[in-house]
Amino acid sequence: ASQEIMLALIAKTEERQWDSFDRSGIADGIRIVVHKARQLGATMIARLLMIHRVIFFKNTRSLAASVSEDKILELYRRDKLILDNLPWFLCPYIGFDVKASHLQFDRLNSMILYQQGLQRTGLGQGRNFPTGHLTECSSWEYPLTIENDFFPTLPRSVDTFAFLESAGNGRGNWWHKFSEDVRAGHYVDWVYSFTPWYVEPKRYRRVPPPGWRPSQITVLAARKIEDSSPELIGYRYSPAQEQMYWWESTREVMRKAGRLNIFLTNYCATPEESHQHSGQVAFDPELLERLRLQARPGIAYELINTAPAA
């Protein structure tokens, strides 16, 4: 379900870019910022889309980058898993293969370059990348290389496809500011997508014991999901009982361990919930959570001056 929502957003963005290109010959391409909870398939769908581009479009260069060598190796392994399991008539000829560094498809003149976010400069510098996929963006040691080095490598073209993804990792960092700015529409060339924990009902669920009743905080969390889901995923979502029992039981374990902020970051229902303070703060995370869940959207009103005219 999370991947279907993402694909629908990509499809709408692609249609909008082609409309712009047909009218004026100008387009930014598909540029998606995916802010998400953990383990919801964003990385896998991104790798499938990137592989699709490099093997079905000739002369395509793609950049895959992540926070560390281990994460880059995981991207490379996923790519190899896809390529090794294609039917024979779709398998491209691989002319150059350096583990977790470089894949080149000679007859297509396409390639995938793998780089780490640990480097201070040079992320894709000196090259042009019509496609690119960056993961764990909130944990990069030098995140400004994304804006200063990677963004300029993306051509303003209807064929451009860039995919940035990350879970939250504290407040006030680059990913927090950038993703919220995209969400607010300050970056007109990027599109925001949020993937909450509940959107994939088969993953996070647990059978409750007989007679279980949700606690007050669980009821508030379910109500927040119902209220915020139309804006975030496009339709009103009511979490199943198994989902809320999983949420309540897992939350309680993390709360007792003093890691409630980590739980809310990893399994967030709203973007605001994902951006938790990572260190000690003046107000307890449990208090902030309760206040956030009890908050309601403001209601517009008008002030009418009933005083008699002078």
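What comes next is a walk through the structure. Since the structure is predicted, the reported quantities are computational estimates derived from the model, not experimental observations.

**Topic: the nonpolar core**
If you look at the biggest cluster of nonpolar residues, it comprises 49 residues, and the most contacted ones within it are Leu-134, Ile-146, Phe-150, Leu-164, Phe-178, Trp-190 and Trp-197. If one sorts the elements of this core by residue count, helix α6 (residues 216–233) sits on top with seven residues. Beyond its immediate stretch of four places on either side in the chain, Leu-164 contacts Ile-32, Val-33, Val-34, Leu-134, Cys-137, Ile-146, Phe-150, Phe-151, Trp-174, Trp-175, Phe-178 and Trp-190. Core analysis: the second largest hydrophobic core is formed by 15 residues, Ile-55, Leu-75, Leu-83 and Leu-103 among them.

**A closer look at the packing of α6 against helix α7 (residues 241–256)**
For any two helices packed against each other, one specifies the crossing angle of their axes together with the interaxial distance. For the pair α6 and α7, interaxial distance at closest approach is 10 Å and the crossing angle is 130°. If you check the angle between α6 and α7, you find them oblique. Between α6 and α7 the crossing geometry is right-handed. For the pair α6 and α7, contact is made by Ile-217, Thr-218, Ala-221 and Ala-222 and by Met-244, Trp-247, Glu-248 and Arg-251, respectively. Looking at the contact of α6 with α7, its residues break down into five nonpolar, one polar and two charged.

**Examining the packing of aromatic side chains**
Tallying each qualifying case throughout the model produces 22 aromatic pairs. A centroid spacing of 6.5 Å and a plane angle of 50° characterise the contact between Trp-175 and Phe-178, whose relative ring orientation is tilted. Placement of both Trp-175 and Phe-178 in helix α5 (residues 174–183) is noted, with a separation of three residues, approximately one turn of the helix. The class for Trp-175 is buried, based on a relative accessible area of 0%. The structure contains a cluster of three or more aromatic residues connected by ring pairs, namely Trp-197, Tyr-198, Tyr-204, Tyr-235, Tyr-237, Trp-246, Trp-247, Phe-263 and Tyr-267. Over the aromatic face of Phe-57 sits the side chain of Arg-53, whose NZ or CZ is 5.3 Å from the ring centroid. Over the ring of Tyr-93 we find Arg-107; its NZ or CZ atom is 4.4 Å from the centre of that ring.

Rules of the game
Residues numbered from 1 in each chain as written. Predicted model: local features only at pLDDT ≥ 70, side-chain atom pairs only at ≥ 80, totals over all residues. Heavy atoms only, no water. Core = buried A, V, L, I, M, F, W, Y, C linked by side-chain atoms within 4.5 Å. Buried < 20%, exposed > 50% of the residue type's maximum accessible area, 1.4 Å probe, protein only. Helix = DSSP H or I, 4+ residues; strand = E, 2+ residues; numbered from the N terminus. Contact = heavy atoms within 4.5 Å. Axes fitted to C-alpha atoms, helices over the stretch in contact; angles between N-to-C directions. Parallel < 35°, antiparallel > 145°, perpendicular 65-115°, else oblique. Left-handed = near helix turned anticlockwise from the far one by under 90°. Nonpolar A, V, L, I, M, F, W, Y, C, P; charged D, E, K, R; others polar. Phe/Tyr/Trp six-rings, centres within 6.5 Å; stacked < 30°, edge-to-face > 60°. Lys NZ or Arg CZ within 6 Å of the ring centre and 35° of its normal.

Taken by themselves, the reported measurements are silent on function.
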